[in-house]
Structures are given as C-alpha cells and as structure tokens.
Amino acid sequence: MGESAITSYSNGSRSAFTHPSLASRLVAIENEINSLFERVPFGSHSLDAEGTYKSINALELAWLGYTRDEVIGKKKLVDFLTPASQDKFHAYFDHPHPRAAVNDLELDLVRRDGVSMPISLSVTDHLDDAHQLLNRRAVIFDLTESRANRVRQRVSAVAFESLSGMFITDRNQMILQVNNAFTELTGYTAQEAEGQTPRLLSSGRHNKAFYQAMWAALKEKGCWHGEVWNRRKDGSIFVEWLSVSTVLDVAGEVTHYVASFIDITARKSAQDQMAHMAYHDALTQLPNRRLLQDRLNQALAAARRSGLYGALLFIDLDNFKKINDSAGHEAGDLVLVEAANRLRRTVREGDSVARLGGDEFAILLEDLDTDRLESAAKAQQLGEKIIEVLAQPYVFGRHKFHCSASIGIDLYAHTESGPDLLQHADLAMYQSKRAGRNTLRFFDQAMQTALNSHVALENELRLALEEGHLQLYFQPQRDRTGKAIGAEALLRWPHGERGFVAPAEFIALAEETGLILPIGQWVLEAACAQLKDWEDQPRTRQLRLAINVSARQFRQTEFVAQVRQAMEHHAVNPALLKLEVTESVLLDVTDTVRKMEALRALGVQLSLDDFGTGYSSLSILTQLPITQLKIDQSFVRNIGVKPSDASIIQTIISMAQILDMEVIAEGVETEAQSSFLEQQGCQLFQGALFGPAVPIAVFEAQLA
Ligand SMILES: Nc1nc2c(ncn2[C@@H]2O[C@H](COP(=O)(O)OP(=O)(O)OP(=O)(O)O)[C@@H](O)[C@H]2O)c(=O)[nH]1
C-alpha cells in the first residue's frame, strides 16, 4: 500500500507539536510507522486524544468491513464494540490517570455485517510532559481461532472428568494422566498411577493371548473394546468395560493411547445371577431340566464320538406327598434339599445331578464303558447306592422322616435323542413304582413297544375328545321299589378300529397324561346339558345325574368355579347333580373339606365312590360334607362268598345311617345280592340286575 493510503492527523492544539520542523518530523515518523503496520498480520490503529481514529491498517479495516474514509476522523474504536465490550473499554480507558499501556484486553468487535469478532487489544498511550494524552496506538489480535481452541479445551477437560475412569498413556504405555473417576474406581491417586503402566491394575485373570489380541486390534483398527478383569489398590477384583483408542501423529505413528472404562461388576453379577436362575432350581441349586437337557445333548454328541455308553437315571421319591401333608411344605422342602445333597455327594465328579421338578431328580452318567452290559452294571451299582443313600432317615431337629426312592435307568449310546432318554428313564421309573417302589428298573424293548402303543392311544384319545367322539352312557340307579331315581353317567370311547376301548384302559391313560382334565370338563358340561334336557320333560324332571370326578380334576384350584360355571351356563338345579369322588382325593384333607363345603354351598350332591377300598378313617369321614356313600362292587360281588365282606357292608350301611348319609350299592348283579343289601337297609342300587349302562335314547325308553 502506498504512502497516500495512510492518512494521519496530528493534533495541532498540543504545544509539543507547535514547532513546525519537529511537527513535520513527527508526522513523517508516524507515517513511517503506519506504513510499517500495513504489513503486519494483526490489526493496528492510532487514535487521537478524543479517541477518534487517526490511522488504521488495512487488515483492521478489512475486519471491520468499512472504508478508510468512513473511519478516519469519524469513528472511535468504541463505536465498533459490543455493548458489553464498550462497558469494559470505558472502565479501562475513561480513567482520570491514563495508564501508559494496556495489554491483551479481550473485547468483541461488531463487524459491518453484524458478526462479532473476539479480539485482544493492546494499547500504548503517548502522553505529553504534563501527562496529558496525546494519542494512542493499538494493536489488535484476532482471537476467533484461539477462543474456539480454548472452548474445545474446556469441553475436553469436562469430558475427561466424566463418570468413566480415564487414562492417557504415551506410546510406551506409560500413564501420563488419569481423571478423578479413575481414582474413585481403582483406588490409585494420580500421583500413584502416573508414570506406571496399566499393568498396575492387572488382576492376573487374563492370559498373554488376551492382551496380544487387544494390542493386535489396536494396531489394526486403532481401537479395542471389551471386558477386563482388574484389581483395585485394595486388592479387590472388578470387571470393567474398557475402550482404548490410539492417537496418531501426522505421520501415522502412535503418540498416545486413550482409555476409558466403566465398572460393570454389579451389572455382570446380576446377569450371571439371572443366567444361573434360568438354569438352576431355586430350592436345591441343582441344574434344572433345561440345563440337564443341554447336557444330555452334549453327552449324546460326545457318545457319538467316543463310542462309550452312558446312562440316565430318573429318580422319584416315594410317597413324598405324605411328608408335605403330614408335616407341611417346609418339611418337604428340607427333605428335597437333603435328598439333593445326598445325590451330589454320591455321584462322581463330572456326573450331572439335576432336579426335574417336584420330587423328581435325574443323574447323567457319561463315559461308562464300550460294552453295554458292563455299562448297565455300573449304572445299576450307582442306582442301588442311591436307593440306599436316599432311604436313610431324614432328621431335622426332633423330626424324623423316611422316604425311599424309585429309579428308572436308560442306557444310551450313539443312537438316542435327549427327550427320548428322559421319557424312557421316566417310564422305567414308573415300572419301579408299580413293582412296589424303593427299587430300580431298566428301560427295555418291551417297554418301548408298550410306550409306542401308549403314545398312539394317547394321540387318538386326544383326537376323540377334540372331534366329539367320546360319549356318555347312562346306568340307572334305582330305589327299593325299583323306580329309577337317576343315573350314573359313564364315559365310553367308541374307537374306529378297536370297538369300545375299555374304560379302565383309557381313563388310566387320561389320568397319566393329564387329558383327564379336559375330558372331565367335557363330562361336566355334557351332564349339565343332559340335566337341562330332562328338566323340560315331566317324566324325567326329577332324575338325578351322577358323574365321576378324578382326583386330579378335583385337586385343581379352579375346580369349584368350573362346576359353578357349568351349572350356571346350563341353568340346572344343583340338587340334581351328584359328583362322585374316590377316596384318593382325601390325601389333602384340609383342601378337600374346603372344596367339598364350597360345592355343598352351591347345592351340589357329593358321593364317596368305591367306599371301603381306600384308607379313609372314620374321623376323616365325619369331617366331610358327603351326602352319599357308595359301596364298592368288590364287596357286593362277595356277598354270600366272603362273610367278612358282608360284615363290611353291614358296617358301611350302619355308618351311613349314623352319619345321616344316603347309601348306594354298585355292581349289583343278582337277586341274592339285592335282597341282602335291602335287608341291611341299603336304599339305592345300581348294577347289571337293574340295567346296564346304555345310550341316552335307550335309557329314556326304559324309564317306566
Ligand atoms: N415341599 C415341596 N413339595 C413339592 C415341591 N414340588 C412339588 N411338590 C409336591 O411333591 C409331590 C409329588 O408327589 P408325587 O411324586 O406325584 O407323588 P408321591 O407322593 O411322591 O408318590 P409316588 O411318586 O407315587 O411314590 C406333590 O404333592 C407336590 O405338591 C416343592 O418344591 N416342595
């Protein structure tokens, strides 16, 4: 820029400048300075004593966005400041005793385009001999960049002090800096950590390969994340989620590593605990069925490779329910825990013990032998040991319980599948139960054949129920005059190929598989519908209908509600519905009494079926709101054959009279039986002599 571009104004009023040669000399010097400042990389200007621009360099003009003519002699610096900066400016410069210099005062300019610009202002004042301000020369630095840097630094500093533990190392992994969270999480202060390497925290839980993989990832990708077990200063171990990143220089060389971590010990232990709960039984802490299934699958895969036999033992405690019923569920729990401990102690390390549920346990024995018989012998040996160990008394304080076990064993080689094994062992266990309990049985081919037809029959029964092929037959119940007072509804299953399946066969199957529940519900609904039907005709309006309720059905919590709903649904008179239950429901007396009372409150009749064959004591009988006793047909059949049975019948009838219950005899086939029963005071009769079970149309046709 040429000389003409610089214009300076001298303040002619000042005495020091009155000498013409000195004044022109000063002007020349000032012009020289101005021209010098034209080339500097910062803003520069001079102001007169009033603060008006005397000179300004090109850079500052460019920042402001004005022309020289608009500024020189017309504007003051304060005209270009933000209001806040104006206040600051005045506070510094409107001083009774001007200072000689101000350095690095931070202000904000407002450019012509309205954008503000941070600057640093340094000013040198020229004073005359009387300390009056002559003029002022200023240099201005643009702080835009450095202020942004400072903001960045502040943000970084705040970020560094986050809740995550952080540390920065040099390229040799020497820790240069740690944050407060690092100290909180590890127990090491900055002084203790700085100068060390991260090995300071090593727990010894990771091997060399782990760290090698970490360094390889850092080298390749520039970052690594993962779980690391570390040790705090106090020696305690914690697990952290660690992220490490490399910092590179312009040449691509690592200069630093930056690591941040959070303590995930609590989260991890919660996760571990949940995983444990998903695979273990809460009461005994043994693996549960799910985990056993996994292990079975692994064991089968291993057997395929090794060719060795293994065995699965299915263990079920005998009459365990009695302990619950007699001493309470807590006592039952104690026995289960003790049984689990005994099983654990009895097996070899490596054998899996699991609780399948209730009082059922399983043991998986792997790698027994290449020979089937030898393997069976080993499994049997352990099975017998277990029977012996579990049969020892269970003593808790003053209480002592006895509980034997029944075991089913299935050997496996490379062929079986996990679910089959469990099913086979279960079936073999069931054979042990049938053989009198406290023993063991192996699954064999005959059992397999029986199982196959069992499974087929089960599917067919399910289908028969779904497709409405089950039927109710009606066997009349008559009074002493021979008049039908009602009927017992009996389930029949006409099978497409086999004709009628024997009720004993399919009902036992339904009990075993649980199908008895939907079947029982169907019977209940069908009986109510039938009662409703009868209600519409005068001839049948008074007929009562008895249905059989299985113990399993009766034990359901919602049983009473089901009965109520069915009766409401069909709007039947409850007094005409009779539920026949067997003595097997009496195992849980309290529950039975409660349910029976609820049923009686609904108005339903209750009959105790097969009476005399079970074990119900007289005292229990007196607690039950039963309306009828049914003499079992086995006694009736022995009338005139076995005198003791005749006395039992006499006792039952007189007992019913004392307890004010109705009494009915079933299975009456001969006149002799009938007249004996009548003589003893029996009021109601059912049996072939009075009519077999027949379809509804036949039954109704036979009504006199
Ligand atoms: N105390 C307790 N009882 C349980 C638990 N789980 C299931 N049960 C009871 O265990 C009993 C299992 O009985 P079952 O195996 O069917 O019959 P059982 O009396 O052992 O007779 P058998 O097996 O035929 O010899 C049922 O009464 C269940 O209510 C439990 O966690 N604690």
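What counts and how
- Residues numbered from 1 in each chain as written.
- Predicted model: local features only at pLDDT ≥ 70, side-chain atom pairs only at ≥ 80, totals over all residues.
- Heavy atoms only, no water.
- Salt bridge = Lys/Arg side-chain N within 4 Å of Asp/Glu carboxyl O.
- Buried < 20%, exposed > 50% of the residue type's maximum accessible area, 1.4 Å probe, protein only.
- Helix = DSSP H or I, 4+ residues; strand = E, 2+ residues; numbered from the N terminus.
- Near = heavy atom within 4 Å.
- Polar contact = N/O pair within 3.5 Å; in protein donor to acceptor, adjacent residues only side chain to side chain.
- Phe/Tyr/Trp six-rings, centres within 6.5 Å; stacked < 30°, edge-to-face > 60°.
- Lys NZ or Arg CZ within 6 Å of the ring centre and 35° of its normal.
- Pairing = 2+ DSSP bridges.
- Axes fitted to C-alpha atoms, helices over the stretch in contact; angles between N-to-C directions.
- Contact = heavy atoms within 4.5 Å.
- Expected span 1.5 Å × (residues − 1).
- Arc of directions from axis to C-beta.

As annotated in an unreviewed UniProt entry, the chain is Diguanylate cyclase (GGDEF)-like protein/PAS domain S-box-containing protein from Rhodoferax ferrireducens.

Even after reading the chapter, I still don't get the pattern of salt bridges, so can you show me in this structure?
Here the idea is simple: oppositely charged side chains can pair when their charged atoms come close. Going through the model one piece at a time under the given rule, you end up with 27 salt bridges. In this structure, Asp 351 engages Arg 348 in a salt bridge whose closest nitrogen and oxygen atoms are separated by 3.0 Å. By relative accessible area, which is 11% here, Asp 351 ends up buried. Residue Lys 532 pairs with Glu 535 through a salt bridge whose shortest N-O separation is 3.3 Å. Here Lys 532 and its partner Glu 535 are both found in helix 17 (residues 516-535), 3 residues apart, which amounts to about one turn of the helix. Connected via shared salt-bridge partners are Glu 106, Asp 108, Arg 147 and Arg 150.

How do you make sense of the site of the ligand when you look at a structure like this?
Residues in contact with the ligand amount to 16 residues; listed here are only the nearest, Asn 324, Asp 333, Asp 359, Lys 433 and Arg 437. Here Asn 324 contributes a side-chain N or O atom positioned 2.8 Å from a nitrogen atom of the ligand. Elements supplying a minimum of two residues to the shell around the ligand: strand 11 (309-317), helix 11 (320-327) and helix 12 (329-346). Of all the elements, helix 12 adds the most residues to the shell around the ligand, at 4 residues.

What is the right way to read the packing of aromatic side chains from this model?
Two aromatic rings are characterised by how far apart their centres lie and by the angle between their planes. Taken as a whole and assessed by the stated rule, the structure comprises 20 aromatic pairs. Ring plane angle 65° and centroid distance 6.2 Å describe the contact between Phe 37 and Phe 42, whose orientation is recorded as edge-to-face. The burial state of Phe 37 is the same as that of Phe 42; both residues are buried. An aromatic cluster of three or more residues is present, and its members are Phe 37, Phe 42 and Phe 141. Taking the ring centre of Trp 229 as reference, the NZ or CZ of Arg 205 above it sits at 4.3 Å. Sitting above the plane of the Phe 554 ring, Lys 595 keeps its charged end 5.7 Å from the centroid.

How should I be thinking about the pairing of strand 7 (residues 175-178) in this particular structure?
In regular strands, side chains alternate between the two faces of the sheet. Where strand 6 (residues 165-170) and strand 7 come together, 3 bridges link them in antiparallel fashion. Paired with Thr 169 across the two strands is Ile 175, which belongs to strand 7. Hairpin connection of strand 6 to strand 7: 4 residues between the antiparallel strands, including Gln 173 at a positive phi of 65°.

Looking at this structure, how should I read the sheet that holds strand 3 (residues 101-110)?
In a beta sheet, neighbouring strands pair by backbone hydrogen bonds and run either parallel or antiparallel. If you walk across this open sheet you meet the 5 strands as 2-1-5-4-3, and the pairing is antiparallel. Strands at the two margins of the open sheet, each flanked by one partner only, are strand 2 (53-56) and strand 3. Mean inter-strand twist for the sheet, computed between neighbouring axes without regard to direction, equals 25°. Across 8 bridges, strand 3 lies against strand 4 (residues 116-127) in antiparallel orientation. Across the sheet, Leu 105 pairs through a bridge with Leu 121, a residue of strand 4. This element, helix 5 (residues 144-160), spans strand 3, strand 4 and strand 5 (133-142) of the sheet and lies at about 90° to strand 3.

Just to check I follow, could you spell out the sheet that holds strand 16 (residues 405-412) for this structure?
Taken together, 5 strands build an open sheet; the order of strands is 12-13-11-16-17 and the sheet is mixed. Of all the strands in the sheet, the pair left with one neighbour each is strand 12 (352-357) and strand 17 (440-442). The sheet shows a mean angle of 20° between the axes of neighbouring strands, taken without regard to direction. Bridge analysis of strand 11 against strand 16 gives 8 bridges, and the strand direction is antiparallel. Paired with Leu 317 across the bridge in strand 16 is Ala 405. Its contacts with the sheet place helix 12 against strand 11, strand 12 and strand 13 (360-369), and it is angled at close to 5° to strand 13. Packing of helix 13 (residues 372-390) onto the sheet brings it into contact with strand 11, strand 13, strand 16 and strand 17, and relative to strand 16 it is tilted by some 160°.

Help me understand unusual backbone geometry in this model?
As a rule of thumb, non-glycine residues mostly have phi less than zero, and peptide bonds are mostly trans rather than cis. Positive phi, normally seen in glycine, also occurs at Asn 319, with a value near 50°. As for its placement among the helices and strands, Asn 319 is situated in the loop between strand 11 and helix 11. Even without glycine at this site, Ala 571 takes up a positive phi of about 50°. Relative to the assigned elements, Ala 571 resides in the loop between helix 19 (559-570) and strand 22 (577-581).

Which parts of the structure should I look at to understand helix 13?
The periodicity of an α-helix, 3.6 residues per turn, causes residues three or four places apart in sequence to face the same way. Taking 1.5 Å per residue, 19 residues should reach 27 Å; helix 13 reaches 27 Å between its end C-alpha atoms and fits that length. Among all positions in helix 13, only Ser 375, Ala 376, Ala 379, Leu 382, Gly 383, Ile 386, Ile 387, Val 389 and Leu 390 are buried. Taken end-on, helix 13 shows its buried residues confined to a sector of 165°, consistent with a single buried face. Relative to its buried face, helix 13 has exposed residues pointing more than 90 degrees away, namely Leu 373 and Gln 381. Looking at the buried residues of helix 13, the elements they touch are strand 11, helix 12, strand 13, strand 14 (394-396), strand 16 and strand 17.

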